[in-house]
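Structural features, examined
As a plain string of letters, each chain reads:
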Amino acid sequence: MKKFLLATVFAVLYLSWAIVASDGPFVVAHKKATLTRVKSDIERLSISIDIYNQGYATAYDVSLYDDNWSQDVFEIVAGNTSMSWERLDAGASLSHSFELEAKKKTVFYGAPAVITFRIPTKAALQEAFSTPILPLEILADRPPEKKFDWKLMAKYGSLISVISIVVLFVYLIATPSKASKKKR
């Protein structure tokens, strides 16, 4: 039974290695979104998509399509939601970004971007998908963030340290020790 399990594990590992070690391109994409409040009623959304070729061959005619942004909610401020490149070499990466402006308050669920590319040995276009983004709360009512002010720490940090040491010293001097209680 142990030999059978061991053989099964090795077979699965060998098959997974054979799939990964294919001689073609392997395109992986990561999509990131960052919300920035410009004014109380205006929010900008910066989208960045990084495309990686993790395979062992070049991908040709690489195209990125990210047209899942509702025109009812967003307006393109900078860049394009699609882009094309001639090639993506093995081990190389590409990056594309654009900026949108929110028109109305909503929760938006973004779909993955679609990347198409060509492999010289295959006639059909290949497709890859980026990671999706988490739901975005557009123009949501958020409490103001309380940030730690390092400027105050730099200004008063040494004074606070000295006062703390003096208070600790006075406490140690003023508090009777356990040994002196036993002598009484």
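Definitions and cut-offs
- Residues numbered from 1 in each chain as written.
- Predicted model: local features only at pLDDT ≥ 70, side-chain atom pairs only at ≥ 80, totals over all residues.
- Heavy atoms only, no water.
- Salt bridge = Lys/Arg side-chain N within 4 Å of Asp/Glu carboxyl O.
- Helix = DSSP H or I, 4+ residues; strand = E, 2+ residues; numbered from the N terminus.
- Buried < 20%, exposed > 50% of the residue type's maximum accessible area, 1.4 Å probe, protein only.
- Core = buried A, V, L, I, M, F, W, Y, C linked by side-chain atoms within 4.5 Å.
- Contact = heavy atoms within 4.5 Å.
- Expected span 1.5 Å × (residues − 1).
- Bend = angle between axes of the 7 residues up to and from the residue.
- UniProt positions renumbered as here; feature names shortened; annotations may be inferred.

You'll find the protein chain entered in an unreviewed UniProt entry as Translocon-associated protein subunit beta, with Anisodus acutangulus given as the organism.

Quick look at the pattern of salt bridges
Per the counting criterion, the structure on display carries seven salt bridges. Residues Lys 32 and Asp 50 are paired through a salt bridge, measuring 3.0 Å at the closest nitrogen-oxygen approach. Of this pair, Lys 32 sits in strand S1 (residues 27–39) while Asp 50 sits in strand S2 (residues 42–53); the two residues are 18 residues apart in sequence, bridging distant segments of the chain. A residue is classified by how much of its surface remains accessible, and Lys 32, at 38% relative accessible area, is partly exposed.

Some thoughts on the nonpolar core
Counting residues in hydrophobic clusters, the biggest one holds 28 residues, and the most contacted among them are Ile 51, Trp 69, Phe 74 and Ile 115. Listed by contribution, the elements that provide at least two residues to this core are S1, S2, strand S3 (59–65), strand S5 (82–88), strand S6 (93–102), strand S8 (114–118) and strand S10 (136–138). Leaving out residues up to four positions away in the same chain, Ile 115 has contacts with Val 27, Ala 29, Ile 51, Val 62, Ser 63, Leu 64, Gln 126, Glu 127, Ala 128, Phe 129 and Ser 130.

Brief notes about helix H2 (residues 150–174)
Taking 1.5 Å of rise per residue, 25 residues should cover 36 Å, and H2 covers 34 Å from first to last C-alpha, within 8% of that figure. Taken as a whole, H2 carries its principal kink of about 55° at Tyr 156. With respect to burial, H2 is a largely exposed element, only one of its 25 residues being buried.

Some details on unusual backbone geometry
Backbone geometry at Asp 61 places phi at a positive 50°, although glycine is not the residue there. The exposure class assigned to Asp 61 is partly exposed, which follows from its relative accessible area of 38%.

Let's talk about the side chain of Asp 66
Mapping Asp 66 onto the fold places it in the loop between S3 and strand S4 (74–78). Its relative accessible area of 0% is what places Asp 66 among the buried residues. Sequence-distant contacts of Asp 66, that is, excluding residues within four places in its chain, are made with Lys 31, Ile 47, Ile 49, Thr 81, Phe 98, Ala 111, Pro 112 and Ala 113.

Brief notes about the UniProt feature "transmembrane region" (unreviewed entry) in the protein chain
Here the UniProt-annotated "transmembrane region" (unreviewed entry) positions come out as residues 156–174. Span residues 156–174 is 100% helix and 0% strand, its end C-alpha atoms 27 Å apart.

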